[in-house]
Amino acid sequence: ISEVQPGTEGGGANDEFVELYNPTDQPISLAGFALKKKSSSGSEANLVSSGAFSGTIGAHGFFLIAHKNYQGAVAADLAYSANSNNLAYTSNGVVLYGVGGALVDYAGWGEIEKGQSYERRAFASGSCVSAQNSGELLGNGCDTDGQSDFEIRSVPQPQNSASGQEP
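Residues numbered from 1 in each chain as written. Predicted model: local features only at pLDDT ≥ 70, side-chain atom pairs only at ≥ 80, totals over all residues. Heavy atoms only, no water.

**Q** Describe the packing of aromatic side chains, listing the residues and the values that go with them.
**A** Evaluated as defined, the whole model comprises five aromatic pairs. Relative to Phe62, the ring of Tyr21 has its centre 4.9 Å away and its plane inclined at 40°; by these criteria the two rings are tilted. Of this pair, Tyr21 sits in strand β2 (residues 17-21) while Phe62 is found in strand β7 (residues 62-66), placing the two residues 41 residues apart along the sequence. Here Tyr21 matches Phe62 in class, with each residue buried. An angle of 65° between the planes, with centres 6.2 Å apart, marks the rings of Phe33 and Phe53 as edge-to-face. Note that Phe33 is positioned in the loop between β3 (28-29) and β4 (34-38) and Phe53 in the loop between β5 (44-48) and β6 (56-57), a separation of 20 residues in sequence. By relative accessible area, which is 10% here, Phe33 ends up buried. Judged by its relative accessible area of 4%, Phe53 is buried. (Phe/Tyr/Trp six-rings, centres within 6.5 Å; stacked < 30°, edge-to-face > 60°. Helix = DSSP H or I, 4+ residues; strand = E, 2+ residues; numbered from the N terminus. Buried < 20%, exposed > 50% of the residue type's maximum accessible area, 1.4 Å probe, protein only.)

**Q** Can you tell me about the sheet that holds β7, naming the residues and giving the values?
**A** Read from one edge of the open sheet, six strands run β8-β7-β2-β1-β11-β14, paired in mixed fashion. Each edge of the open sheet is held by one strand with a lone partner, namely β8 (78-79) and β14 (150-153). Relative to β8, β7 runs parallel, the two being bridged by two bridges. Counted as the bridge partner of Ala66 is Ala79 from β8. (Pairing = 2+ DSSP bridges.)

**Q** Tell me what's going on with the pairing of strand β9 (residues 90-97), and back it up with residues and numbers.
**A** Burial analysis of β9 places six of its eight residues in the buried class, which makes it a mostly covered element. Strand direction decides the pairing type here: β4 and β9, joined by five bridges, are antiparallel. Paired with Ala34 across the strands is Tyr97, a residue of β9. Judged from the seven bridges that link them, β9 and strand β10 (residues 103-111) form a sheet pairing that is antiparallel. Following the sheet pairing, Thr90 is matched in β10 by Glu111. What sits between the antiparallel neighbours β9 and β10 is a turn of five residues, in which Gly100 has the positive phi angle 80°.

**Q** Account for the sheet that holds β10, with residues named and values stated.
**A** Read from one edge to the other, the open sheet built from four strands follows the order β5-β4-β9-β10, with strand pairing classed as antiparallel. Taken across any chain shown, the strands that pair with only one partner, and hence form the sheet edges, are β5 and β10. The average undirected angle you get between the axes of adjacent strands in this sheet is 25°. (Axes fitted to C-alpha atoms, helices over the stretch in contact; angles between N-to-C directions.)

**Q** Describe the pairing of β4, and please don't skip the residues or the numbers.
**A** Here four bridges tie β4 to β5, and the two strands are oriented antiparallel to one another. Considered in β5, the bridge of Lys37 is made with Ala45. Counting the residues in the hairpin turn of β4 and β5 gives five residues, including Gly42, whose phi is positive at 95°.

Here it is, written out as structure tokens:
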């Protein structure tokens, strides 16, 4: 999970997306994966069910999943299969499960203001660095399993499978 936008001021709560990044040298088939939102109480609800998940993330590439009412300029690679399960701006999370329900990744946040996103930081020269400004094209490979892996992005920059590769 590389970037999450729970909604915008103009587009409302449905103007949301979840971006995935593949930091490996091999493409990853998403068939049988599941993407769920996790509430502050710990309950989970499908955004994309395992039966509806399809597509491939290229090596060092991106994959954009969005609500059917997402209004961003970058087209989604896959729409939510459950459009009634919106992400919350506070105390929420997104969980990515692989084939058979194995946990692949989790991103949780305390608060994201409307129109902002929560972005995974880049990994460069052996450490986690901002994925903004000079770190914009370094990929979203920071993964220490902590909240410090992410930062708030004032202006979201979603990327999809056509966006190209990053290291």
